[in-house]
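Each chain, written out:
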Amino acid sequence: MNIQTGAVLRTLKTLLALAAIAFALGAFFFAFQAVAQGISPSPVDVSPSAVASDALLQTMDVSGQSTVVVQVTEMDRATAAMVSLPTVIVCGLVAAILSLLSALLREADAGRPFTPDNVKRLRLIARLTLLAAVVGWWLGPALQAWAQVRLDSSEVAVSASLTPVLVALGAYALVSIWQRGAELADFEEHAI
């Protein structure tokens, strides 16, 4: 491996480790904000009743088909903690994924990118990525809808996505490719 490639790998490894620390601190910060102060990192859309919406729109002299939506970030601590939970979990999972990627780059810098340990790391990264996708795209909207009901919203919206399935397929495809590389590297080592 040439010197320039090694320097790039070491720099990237360091940046990934620092990003992992930043995401871990972010998870702690968001959890603290929710539990101690009742502040959610993502606002909850609350729709007032039709009567309240109409009264507000008349005072604003708005005509036509307008709706009123209020974004709430400060709420009771229990609701804020539940709304913040997906963000905290995803930040923690991203910190773990970045840490594992940093370890993978450390092995690549040492000249051993295709090892069984790196395949295990990638498999764990794939699982954590799937978990982060499910928490972010399925649990997050479900808890947002729960918070809308708890905050007396006149409308509740729940959305779901197939993105976690696609993310999982991509991550596991990468693991399969890397595992094949590790098998070929092992075969080459024993063939010599």
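None of the values given here were measured: they were computed from a predicted structure. (Residues numbered from 1 in each chain as written. Predicted model: local features only at pLDDT ≥ 70, side-chain atom pairs only at ≥ 80, totals over all residues. Heavy atoms only, no water.)

Our focus in this paragraph is helix α3 (residues 77-109). What sets the pattern is the α-helix's 3.6 residues per turn: residues three or four places apart point alike. An ideal rise of 1.5 Å per residue puts 48 Å on 33 residues; α3 measures up with 46 Å between its terminal C-alpha atoms. Along α3, the sharpest change in direction is near 40° and occurs at Ser-84; proline Pro-86 comes one to four residues later. Gly-111 lies just past α3 and shows a positive phi near 90°. (Helix = DSSP H or I, 4+ residues; strand = E, 2+ residues; numbered from the N terminus. Expected span 1.5 Å × (residues − 1). Bend = angle between axes of the 7 residues up to and from the residue.)

Its place among the elements puts Ser-84 in helix α3. The contact partners of Ser-84, leaving out residues within four places of it in the chain, are Phe-30, Ala-34, Ile-39, Ser-40 and Pro-41. (Contact = heavy atoms within 4.5 Å.)

Attention now goes to a nonpolar patch on the surface. A surface patch of nonpolar side chains, about 630 Å² in accessible area, is lined by Trp-137, Trp-138, Leu-162, Val-165, Leu-166 and Leu-169. Those elements that place two or more of their residues in the nonpolar patch are α4 (116-150) and α5 (163-191). One can find Leu-166 in helix α5. Residue Leu-166 is classed as exposed on the basis of its relative accessible area of 58%. (Patch = residues over 30% accessible without salt bridge, like charges linked within 9 Å, V, L, I, M, F, W, Y side chains within 5 Å. Areas by Shrake-Rupley, 256 points an atom, 1.4 Å probe, with all protein chains shown as cover. Salt bridge = Lys/Arg side-chain N within 4 Å of Asp/Glu carboxyl O. Buried < 20%, exposed > 50% of the residue type's maximum accessible area, 1.4 Å probe, protein only.)

What follows covers the packing of helix α1 (residues 3-37) against α3. Close contact between α1 and α3 brings their axes to 8 Å; oriented N to C, the two are set at 165°. As judged from the angle between their axes, α1 and α3 are roughly antiparallel. Here α1 runs over α3; the crossing is left-handed. For the contact of α1 with α3, a count of residues per class yields 24 nonpolar, seven polar and five charged. (Axes fitted to C-alpha atoms, helices over the stretch in contact; angles between N-to-C directions. Parallel < 35°, antiparallel > 145°, perpendicular 65-115°, else oblique. Left-handed = near helix turned anticlockwise from the far one by under 90°. Nonpolar A, V, L, I, M, F, W, Y, C, P; charged D, E, K, R; others polar.)

Another point: the packing of α3 against α4. Packed helices, taken two at a time, are described by the angle their axes make and the gap between the axes. In contact at an axis separation of 9 Å, α3 and α4 are set at 165° when each is read in the N-to-C sense. Taken together, α3 and α4 sit at an angle that is classed as roughly antiparallel. For the element pair α3 and α4, the recorded crossing hand is left-handed. In terms of residue class, the contact of α3 with α4 is built from 25 nonpolar, six polar and four charged.

Averaged over every residue, the pLDDT of the chain is 84; residues scoring 70 or more account for 88%. Within the chain, helix α2 (residues 50-59) has the poorest average pLDDT of any element, 68, and α3 the best, 92. (pLDDT = per-residue confidence, 0-100.)

Let us look at the side chain of Ser-102. With respect to the secondary-structure elements, Ser-102 resides in helix α3. Dropping the residues within four chain positions of it, Ser-102 is found in contact with Lys-13, Leu-16 and Ala-17.

A word on the environment of Thr-11. On the secondary structure map, Thr-11 appears in helix α1. Residue Thr-11 is classed as partly exposed on the basis of its relative accessible area of 46%. Each C-alpha atom of the pair Thr-11 and Leu-105 lies 9.9 Å from the other, and the pair is 94 residues apart in sequence.

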